[in-house]
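# Chain and residue survey
Each chain is listed here by its residues.
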Amino acid sequence: MTDTMRAAADGRAGPPVDVATEGARIAANVSRVVQGKPGVVHLALVVLLAEGHLLVEDVPGVGKTTLAKALAASIDASVRRIQFTPDLLPSDVTGVSVYDQESRAFEFKPGAVFANVVVADEINRASPKTQSALLECMEERQVTVDGVSYELARPFLVVATQNPVEMEGTYPLPEAQRDRFTARVSMGYPDREAEVAMLDDRGTTDPLATLGPVADAAAVRAMVEAVQGLHVSDAVRRYVVALVEASRRSPELRLGASPRAGLQLLRTARAAAALAGRDHVLPDDVQAMATPVLAHRLLLTADAAAARRTPEQVVAGLLSSVPVLRGR
């Protein structure tokens, strides 16, 4: 544990946290397990520091759950895993009030969301009713059961994995649920060298079993506070709004980006700038985060879908058509 981490844990101010250095240590630790995917690991770290939530979508067997568990293992914080299945109930996620015969009163039994990192595995295999149990906790960082609200821990990160909707036994995520995920990432298949290395490393042992934490919850909170203090010029703010507004006017979309999307785009741009070692946000940071933050929120028109356009292509078009505003 570094001096900064010890100071944060003891409640002392300590020296300013070096987000780039601490972030590089976490990313290197995760990359010990998730090999050959530095961009995916970087995006997961950006979402963590932006106080958001990450949706990992891809076919089975490419390491979606491994990424989530490796990120959780790299932080010495509470971790809970939920396997989403068709028979999972909302109370299994949020918790339930149980009547105690001895005290003759209802006692709240916390659900799996009461942790710093919640791994929601195969989230789209549960019914929309159960998926909706995450709506309040993801947005408001609290859970309400029987009229009583319970605060969740900070940091609070949901890393959800899902299989493509076309696969059997899956339900598409509702628009409100997708909009609460800060970013979506696709793992993709590893390259040949990474896959050969994986066969060597995991022939007899599981690297996750030996993966230890390199940061704790207090250190992550300090990093989040440092990210929130980064300077954002008025021109960058207006550029974010211009991108979001352009998506709503696009003839290829029947649903553009929400105001929440603009907020998340700016927060991730801040985190990306901090991990790059800068104290201010550039338009380049916004452009780098635009596709993972915006694409999964957009709904194509029937004509655009028939033309086999993708949301990622639409976002690329927005980036090329919306001028970058200059100023300080």
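Higher on the page you've got the structure.
Given the structure is predicted, the values throughout are model-derived calculations rather than measurements.

A few words on the overall build of the protein chain. Counting secondary structure elements, the protein chain contains 15 helices and 13 strands. Computed over the C-alpha atoms, the radius of gyration of the protein chain is 20 Å, within 12% of the 20 Å expected from 2.2 N^0.38 for a compact globule of 328 residues. Considered along the principal axes of its C-alpha atoms, the protein chain spans approximately 65 × 50 × 50 Å. Counting all 328 residues of the protein chain, 49% fall into the buried class. Look at the contacts in the protein chain between residues 6 or more apart in sequence, and 77% of them connect residues 24 or more apart. In the structure as shown, the protein chain presents an accessible area of about 15,700 Å², 52% of it carried by carbon and sulfur atoms.

Attention now moves to the packing of aromatic side chains. Tallied over the full model, the rule gives three aromatic pairs. On the basis of an interplanar angle of 65° and a centroid distance of 5.7 Å, the ring pair of Phe108 and Phe114 is categorised as edge-to-face. Residue classification places Phe108 among the buried positions, given a relative accessible area of 15%.

Glancing now at the pairing of strand 9 (residues 157-162). Extensive coverage of strand 9 is indicated by the burial of six of its six residues. Residues of strand 9 alternate between two faces, with Leu157, Val159 and Thr161 on one and Val158, Ala160 and Gln162 on the opposite face, all of them buried. Across four bridges, the pairing between strand 1 (residues 54-57) and strand 9 is parallel. The partner of Leu54 across the bridge, within strand 9, is Val159. Looking at chain direction, strand 6 (residues 117-121) and strand 9 are connected through four bridges and run parallel. Each bridged residue has a counterpart across the sheet, and for Val117 the counterpart in strand 9 is Leu157.

Now for the packing of helix 13 (residues 283-294) against helix 15 (residues 311-321). Contact pair helix 13 / helix 15: the axes reach a minimum separation of 9 Å and the direction vectors enclose 150°. As helix 13 packs across helix 15, the resulting crossing turns out to be right-handed. Side by side, helix 13 and helix 15 meet where Gln287, Ala290, Thr291 and Leu294 of the first sit next to Glu312, Val315 and Leu319 of the second.

With that settled, consider the environment of Met187. Of note, Met187 is situated in the loop between strand 10 (183-185) and helix 9 (192-201). For Met187, a relative accessible area of 3% puts it in the buried group. Spatially, the C-alpha atom of Met187 lies 9.7 Å from that of Val41, the residues being 146 residues apart in sequence. Residues contacting Met187, with those up to four places away along its chain left out, are Val34, Lys37, Val40, Val56, Glu57, Asp58, Val62, Gly63, Lys64 and Leu67.

What follows concerns the side chain of Asp179. Structurally, Asp179 is set in helix 8 (residues 175-180). Setting aside its immediate chain neighbours within four residues, Asp179 contacts Ser258, Arg260 and Arg297.

Moving on to the packing of helix 2 (residues 19-31) against helix 3 (residues 38-49). The geometry of helix 2 relative to helix 3 is characterised by a closest axis approach of 10 Å and an angle of 130° between their N-to-C directions. Considering their axes alone, helix 2 and helix 3 lie oblique with respect to each other. Considering the relative orientation of helix 2 and helix 3, their crossing is right-handed. In this structure, helix 2 contributes Val19, Gly23, Ile26, Ala27, Val30 and Ser31 to the contact, and helix 3 contributes Val41, Leu45 and Leu49. Counted by class, the contact of helix 2 with helix 3 contains seven nonpolar, two polar and no charged residues.

Where strand 1 lies against strand 10, three bridges are found, and the strand directions are parallel. Along strand 10, the bridge assignment pairs Val56 with Val185.

Attention now goes to the side chain of Lys37. Within the secondary structure, Lys37 is located in the loop between helix 2 and helix 3. For the buried residue Lys37, which engages in no salt bridge, the nearest side chain bearing the opposite charge is Asp58, 7.1 Å off. Only 3.0 Å separates the side chain of Lys37 from the backbone oxygen of Tyr189, close enough to count as a polar contact. Those residues in contact with Lys37 that sit more than four places away from it in its chain are Met187, Gly188, Tyr189 and Pro190.

Another point: the sheet that holds strand 6. The sheet built from five strands is open, its strands ordered 3-6-9-1-10 with parallel pairing. The sheet is open, and its two borders are formed by strand 3 (79-83) and strand 10, each paired with just one other strand. Ignoring which end each strand starts from, the neighbouring axes of this sheet average 15° apart. Sheet strands in contact with helix 4 (residues 64-73) are strand 1, strand 3, strand 6 and strand 9, and its direction is about 165° off that of strand 9.

A full pass over the atoms with the stated rule returns 13 salt bridges. Among the salt bridges present, the one from Lys109 reaches Glu107, with a minimum N-O distance of 3.5 Å. Given the relative accessible area of 37%, Glu107 is considered partly exposed. For Arg238, the salt bridge is made with Asp234, and the minimal N-O distance between the two is 2.9 Å. Of this pair, Arg238 and Asp234 both sit in helix 11 (residues 234-249), four residues apart, which is roughly one turn of that helix.

About the thresholds
Residues numbered from 1 in each chain as written. Predicted model: local features only at pLDDT ≥ 70, side-chain atom pairs only at ≥ 80, totals over all residues. Heavy atoms only, no water. Helix = DSSP H or I, 4+ residues; strand = E, 2+ residues; numbered from the N terminus. Rg over C-alpha atoms; globule rule 2.2 N^0.38 Å. Buried < 20%, exposed > 50% of the residue type's maximum accessible area, 1.4 Å probe, protein only. Contact = heavy atoms within 4.5 Å. Areas by Shrake-Rupley, 256 points an atom, 1.4 Å probe, with all protein chains shown as cover. Phe/Tyr/Trp six-rings, centres within 6.5 Å; stacked < 30°, edge-to-face > 60°. Pairing = 2+ DSSP bridges. Axes fitted to C-alpha atoms, helices over the stretch in contact; angles between N-to-C directions. Left-handed = near helix turned anticlockwise from the far one by under 90°. Parallel < 35°, antiparallel > 145°, perpendicular 65-115°, else oblique. Nonpolar A, V, L, I, M, F, W, Y, C, P; charged D, E, K, R; others polar. Lys, Arg positive; Asp, Glu negative; His and termini not counted. Salt bridge = Lys/Arg side-chain N within 4 Å of Asp/Glu carboxyl O. Polar contact = N/O pair within 3.5 Å; in protein donor to acceptor, adjacent residues only side chain to side chain.

No statement about biological role is implied by the geometric values presented.
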